[in-house]
Number of protein chains: 6
Amino acid sequence: MTKKQPARTRPAKSTAAAKKTAPVTSSAAPQRADDDPIIALDLPRAALSEAMKAYFGKCDEKLGFLPNVLQAYAFDMPKLEAFVAMYNDLMLAPSGLSKLEREMIAVAVSSYNRCYYCLAAHGAAVRQLSGDPLLGEQIVMNYRAARLSPRQRAMLDFAVKLTAEPWKVEDEDRDALRAAGFSERDIWDIGAVTAFYNMSNRMASATDMRPNPVYHAQAR
Amino acid sequence: MTKKQPARTRPAKSTAAAKKTAPVTSSAAPQRADDDPIIALDLPRAALSEAMKAYFGKCDEKLGFLPNVLQAYAFDMPKLEAFVAMYNDLMLAPSGLSKLEREMIAVAVSSYNRCYYCLAAHGAAVRQLSGDPLLGEQIVMNYRAARLSPRQRAMLDFAVKLTAEPWKVEDEDRDALRAAGFSERDIWDIGAVTAFYNMSNRMASATDMRPNPVYHAQAR
Amino acid sequence: MTKKQPARTRPAKSTAAAKKTAPVTSSAAPQRADDDPIIALDLPRAALSEAMKAYFGKCDEKLGFLPNVLQAYAFDMPKLEAFVAMYNDLMLAPSGLSKLEREMIAVAVSSYNRCYYCLAAHGAAVRQLSGDPLLGEQIVMNYRAARLSPRQRAMLDFAVKLTAEPWKVEDEDRDALRAAGFSERDIWDIGAVTAFYNMSNRMASATDMRPNPVYHAQAR
Amino acid sequence: MTKKQPARTRPAKSTAAAKKTAPVTSSAAPQRADDDPIIALDLPRAALSEAMKAYFGKCDEKLGFLPNVLQAYAFDMPKLEAFVAMYNDLMLAPSGLSKLEREMIAVAVSSYNRCYYCLAAHGAAVRQLSGDPLLGEQIVMNYRAARLSPRQRAMLDFAVKLTAEPWKVEDEDRDALRAAGFSERDIWDIGAVTAFYNMSNRMASATDMRPNPVYHAQAR
Amino acid sequence: MTKKQPARTRPAKSTAAAKKTAPVTSSAAPQRADDDPIIALDLPRAALSEAMKAYFGKCDEKLGFLPNVLQAYAFDMPKLEAFVAMYNDLMLAPSGLSKLEREMIAVAVSSYNRCYYCLAAHGAAVRQLSGDPLLGEQIVMNYRAARLSPRQRAMLDFAVKLTAEPWKVEDEDRDALRAAGFSERDIWDIGAVTAFYNMSNRMASATDMRPNPVYHAQAR
Amino acid sequence: MTKKQPARTRPAKSTAAAKKTAPVTSSAAPQRADDDPIIALDLPRAALSEAMKAYFGKCDEKLGFLPNVLQAYAFDMPKLEAFVAMYNDLMLAPSGLSKLEREMIAVAVSSYNRCYYCLAAHGAAVRQLSGDPLLGEQIVMNYRAARLSPRQRAMLDFAVKLTAEPWKVEDEDRDALRAAGFSERDIWDIGAVTAFYNMSNRMASATDMRPNPVYHAQAR
């Protein structure tokens, strides 16, 4: 992972045949981690910009590992930087939605889209931020099974409808959020987080992006 | 749980309104467990037959707890006994399918049907039987993301098609299982386990059946 | 059908090719019955247990024929006995639902799942039990076309929703049954009959189970 | 049905409430026939044109009754005549498709669209023209369960795809019909009969058109 | 186009392979028009009847061109005449629906069915009849985005439901049209225009019918 | 649009009732433009950052107008800047996909999602960049009707599958792109553009974003 020897996100071309012959080995230790390679595209990693070098360091320091999505984008600095900027604004900047609520949307959307990467990563985030491991599991499995407040139920109903049938979202749907106490700006944010994970889920599916195995055991 | 004081599976009538006002309480300890009541129907528990008394004892001894599905059926002995007999035959009797494979089908079907109860309970079983926590998570989230052998991929493809569009299952689908090495009897068993969880998923959804919280942390 | 010479449910392996070349012969008499073989799996029939021998005799006496589903399961006594026990409890034991209502659910579910076996067999049952041949046809074709009481319409709406999208069944759906006059136990039974035919439909589709031709002309 | 006293197809305005309270009366004789009124719209019948008077007479003579669809259109002569002209050309004029094949398409399309009127009327026609009552039932229930020739299977596969997802029909689909032996003109006719029943199914659903009860018992 | 030398609607057999190799040529002028051939079936054109000769002349005079759908049907006079009679009655005869409203239904239905021919031809008609080019575009793209009157919104909601799920249309849906001010006859007409375009869309898809290029630039 | 008097994107709260009473006025001139207000959320516009002031000026200079999506995001500079950075990288930076190809993906995705804003804006872009107005219309209506090269057909097939059912995208789908000549990096870019418009479509639907009317007449 130095500038001189760029690690490849994937050492050889992915072929359908190769995947099909990879067996489940339930008795023996796996030969390689679930996230090796991180994606099913063979893209040489680029040199990190100064900003991204700092950001990766900060992630590693804060989380103890580097989320694979960042490694996946690291073949191209402008793409990585644009993704990071949008992610940080949506998920971390001030908003009428709590950080937990934004993660709840991420998981409900990813559950509809059955996105392995995002369910693993953001399911862990809901477990951590809520201190309620069951809540994370419920939204991964079926958010309707969670015992949510009316506010949060309205929020996830909107997010899932916007994910499943965006062409049917109308004034009535926005009015339901207003009735649940959300402001105009909150509605934008619910829409924006929903939209962002509809993008991210598809990047993960397009590339068979694998989550860091560490997520699975977090905050259980 | 004596004959004199039958425990109710649900102390009061379920109403949509009541559920909507139950808040997510992320900072405080929950007032009651996720599985209290076990189902959203108010059915008084019946006296256990001798056979079921023995069976419940055996479960408790082996698992350390009594699966809620058994408590849910315990309002009527013939229903409980019929369910237990079918479950035990399908999941535990000799078969060309390993017990792990039967649990993998249970989870893949329950994932399609987004069944909270069965994903929690059988997701734990896949994690335990495989010794591979990630495999359990992958099948809960999207079985296509798991790195399966061709045999197990063919098995789950058949199970999910039979779940989603049973009217389209034809000779070609059975021939694909034969080509993957399954016998005539194996094909029956794949069909039967798939069919059984399509039943169980719907019992759980019809009654809002809640899994024992203990499942969530098992074999992570 | 003796222990020494077990009849096979299917004389030769099913192949997609073989089926494709079997012509519609509209002018000549068919060479074999529609239900020969009964299923598309080659499973040797087992010796009947005493209980099943008695049960088959009773069926034959009461109906004048043996339903093919029983023959299909007769390769394995524990599976046959578990199926028979569950079927008899659900469809024949005392319940707040009449036997006709339970058959109406069976047909509405099987219509959604487009299950040839169950539509033939249970469509005949609705015609017989109701004394109204049109009612049987309407539920086979589209239950919304039948002129049902509000109670029965609510019952079938719940059954079809639970069949089509079990993940969306919530307290509101149970409350709609309560408002239509159903008790807590009735709701369990509606759910259980619906769930059972979601299982049976899939066993029939998984195995290409063929109904006894006699059903088609019954009670017209 | 004279010019002076036009019979109404429906004596009073249809209301949702009225329908909901019409009970299933399984023990008593129904007060009115299933097809009274014929449609759920209150349209006064027009005077028949000479051509239609002759046509209705011919229908009655040939069939012994007047199909309700003709009565339904009889509020307006140009609409009735246009419908009759198109129907007769498609279903009765010379074609590379037999009359039975055209009726098979009608039923397969109507099954996809769950159209009560057309399944009753054209199901009867398949039973009659084929002399094979089971064939009619199978196509009503699930055409994939019928043991069809490759030619007829290809024909119904095209018809059902064109019904379900017309936007996905492409050269490959037409080529599959050519490979099954159909001529260019045959492909037009398969498309045209499929398209016509997609129209007729929707007229029946839009108006709650009721089939003549006589169809149900024909050719069983 | 004389009787002696019938023009073919398509000079050579359509093959999937041929279509796949036809490149997008963005820089050079296209070799042939988008509507050459008009359909993907090789059907020799028949001699026009006197009535159709007159009708084609009238079309050409009024529109300045002959709609390709008429050319497509011109291989067989009875089919052409039946189509023309039904089209003219539905779209041009007196009705409680304005001609614009009938075209709006045509476009909303064709948008659901993603029918290239009908969207091009009837999208142009909505632009022309409304004098509002945006209205045409909105209904092509998503009628819910158009700022419609309650009457027209109810009309298109009914048309799209009847297109998408005809089996779910019931008294409630007709009552919603009555509440929006439509008469019994209007409801027939809304149903009939919707049904007709469900037919036409499928004829266009079955044959890969190509719209006259002139439509695209009309009334922008 | 000065710092002192921030223009509101929407002068009054959107209500479902208000929209429903806005009539189609086909004879009179509309009172307000289709894009007034731009979105159905009442968000005060923020002061533009220097970078965005320059960017807006450049847009206006190059296009002659400011795309409404930029005005919609202009209530918050970090959100606007993140969107602009990602858009410019994806749609304008060097790539193995031509700018036209990227716009073709945008339109095919937006057609699946029936997004009025993006179909209007990017449909115009395809017409302009291709010099082929019909190509733009075809992809808006049904990309399968366009006569595409195998490369571009494979590209849009992948984009539409990733939009419709991202959970089913697997190695086979990536291999189909490789077989059509796309590089590993090209596959990333196809995925990324598809993913981005799945985000943008949902932002537009969540907010009822209206396209600048100028798009509709461009490059016809």
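Residues numbered from 1 in each chain as written. Chains lettered and ligands numbered in written order. Predicted model: local features only at pLDDT ≥ 70, side-chain atom pairs only at ≥ 80, totals over all residues. Heavy atoms only, no water.

Of the transformation superimposing chain A on chain F, the axial component is 0.0 Å and the angular component is 180 degrees, with the fit at an RMSD of 0.0 Å. What the superposition gives is, in effect, a two-fold axis relating one chain to the other. Taking C-alpha positions as reference, the residue of chain A nearest the rotation axis is A:Met199, located at 2.6 Å. A high fraction, 100%, of the interface residues of chain A reappear at the interface in chain F, so the copies pair face to face through one surface. (Least-squares fit on C-alpha atoms with pLDDT ≥ 70 in both. Contact = heavy atoms within 4.5 Å.)

With that settled, consider the interface of chain D and chain E. Listed by partner, the interface residues are 54 residues for chain D and 54 residues for chain E. Summing both partners gives a buried area of about 5000 Å² for chain D against chain E, and 63% of it is carried by carbon and sulfur. Linking chain D with chain E are three salt bridges. Here chain D and chain E share 16 residue pairs in polar contact (both at pLDDT 80 or more) between them. Elements supplying a minimum of two residues to the side of chain D that touches chain E: helix H1 (16–20), helix H3 (68–73), helix H4 (77–92), helix H8 (150–164), helix H9 (171–179) and helix H10 (184–207) of chain D. Take the side of chain D that touches chain E: its biggest share by element is 16 residues, from H10(D). (Buried area = accessible area lost by both parts, 1.4 Å probe. Salt bridge = Lys/Arg side-chain N within 4 Å of Asp/Glu carboxyl O. Polar contact = N/O pair within 3.5 Å; in protein donor to acceptor, adjacent residues only side chain to side chain. Helix = DSSP H or I, 4+ residues; strand = E, 2+ residues; numbered from the N terminus.)

All names here are of chain F. On inspection of all chains with the given rule, the structure shows 54 aromatic pairs over all chains. Ring centres of Phe83 and Tyr87 lie 6.4 Å apart, and the angle between their planes is 20 degrees; on these two criteria the pair is classed as stacked. Of this pair, Phe83 and Tyr87 both sit in helix H4 (residues 77–92), four residues apart, which is roughly one turn of the helix. Judged by its relative accessible area of 6%, Phe83 is buried. (Phe/Tyr/Trp six-rings, centres within 6.5 Å; stacked < 30°, edge-to-face > 60°. Buried < 20%, exposed > 50% of the residue type's maximum accessible area, 1.4 Å probe, protein only.)

Attention now goes to the relation of the copies chain D and chain E. When chain D is fitted to chain E, the best match, at an RMSD of 0.0 Å, comes from turning it 180 degrees and sliding it 0.0 Å along the axis. Most of the interface of chain D is mirrored in chain E: 100% of its interface residues are interface residues there too.

What follows concerns the side chain of B:Ser49. Residues and elements named next belong to chain B. You can see Ser49 is positioned in the loop between helix H1 (16–21) and helix H2 (50–63). A distance of 2.6 Å separates a polar atom in the side chain of Ser49 from a polar atom in the side chain of Glu81. Not counting residues up to four positions away in its chain, the partners in contact with Ser49 are Met77 and Glu81.

In this complex, chain A contributes 54 residues to the contact, which on the side of chain F involves 54 residues. Here chain A packs against chain F, burying approximately 5000 Å² in sum over the two surfaces, 63% of which is carbon and sulfur. The tally of links between chain A and chain F comes to four salt bridges. For A:Lys79, the salt bridge is made with F:Asp89, and the minimal N-O distance between the two is 2.9 Å. In this assembly, chain A and chain F are joined by 16 residue pairs in polar contact (both at pLDDT 80 or more). Of all the secondary-structure elements, those providing two or more residues to the side of chain A that touches chain F are helix H1 (16–20), helix H3 (68–73), helix H4 (77–92), helix H8 (150–164), helix H9 (171–179) and helix H10 (184–207) of chain A.

With that settled, the discussion passes to unusual backbone geometry. Cis rather than trans, the peptide bond between C:Asp36 and C:Pro37 has omega equal to 0 degrees. Considering the arrangement of structural elements, one finds C:Pro37 in the loop between helix H1 (16–20) and helix H2 (50–63). At A:Arg114, a residue that is not glycine, the phi angle is positive and equals roughly 50 degrees. Along the polypeptide, A:Arg114 turns up in the loop between helix H5 (99–112) and helix H6 (116–130). Residues other than glycine seldom take positive phi values, yet F:Ala219 does so here, at roughly 60 degrees.

Looking now at the packing of H10(A) against helix H10 (residues 184–207) of chain F. Between H10(A) and H10(F), the least distance of the axes is 8 Å, while the angle of their chain directions is 160 degrees. Of the possible angle classes, the one that applies to H10(A) and H10(F) is roughly antiparallel. Crossing angle aside, the handedness with which H10(A) passes H10(F) is right-handed. Along the contact surface, H10(A) presents A:Trp188, A:Gly191, A:Ala192, A:Ala195, A:Phe196, A:Asn198, A:Met199, A:Arg202, A:Met203, A:Ala206 and A:Thr207, while H10(F) presents F:Trp188, F:Gly191, F:Ala192, F:Ala195, F:Phe196, F:Asn198, F:Met199, F:Arg202, F:Met203, F:Ala206 and F:Thr207. Split by residue class, the contact of H10(A) with H10(F) holds 14 nonpolar, six polar and two charged. (Axes fitted to C-alpha atoms, helices over the stretch in contact; angles between N-to-C directions. Parallel < 35°, antiparallel > 145°, perpendicular 65-115°, else oblique. Left-handed = near helix turned anticlockwise from the far one by under 90°. Nonpolar A, V, L, I, M, F, W, Y, C, P; charged D, E, K, R; others polar.)

What the rule picks out here adds up to 95 salt bridges over all chains. Between A:Asp175 and A:Arg178 there is a salt bridge, and its shortest N-O distance comes to 2.7 Å. Of the two residues, A:Asp175 and A:Arg178 are both situated in helix H9; the distance of three residues between them amounts to about one turn of the helix. Using a relative accessible area of 21% as the deciding quantity, one classes A:Asp175 as partly exposed. Since its relative accessible area comes to 12%, A:Arg178 is described here as buried. F:Glu170 is the partner of B:Arg153 in a salt bridge, and the nearest nitrogen-oxygen pair spans 2.5 Å. Separated into two different chains, B:Arg153 in helix H8 (residues 150–164) and F:Glu170 in the loop between helix H8 (150–164) and helix H9 (171–179) make up a pair that spans both.

Below, the discussion takes up the environment of D:Asp89. By the element assignment, D:Asp89 lies in helix H4. With residues up to four places along the chain from it excluded, the contact list for D:Asp89 reads D:Arg102, E:Asp76, E:Pro78 and E:Lys79.

Glancing now at helix H7 (residues 133–141) of chain D. Here H7(D) lies mainly inside the structure; eight of its nine residues are buried. All of the buried residues in H7(D) are D:Leu134, D:Leu135, D:Gly136, D:Glu137, D:Gln138, D:Ile139, D:Val140 and D:Met141.

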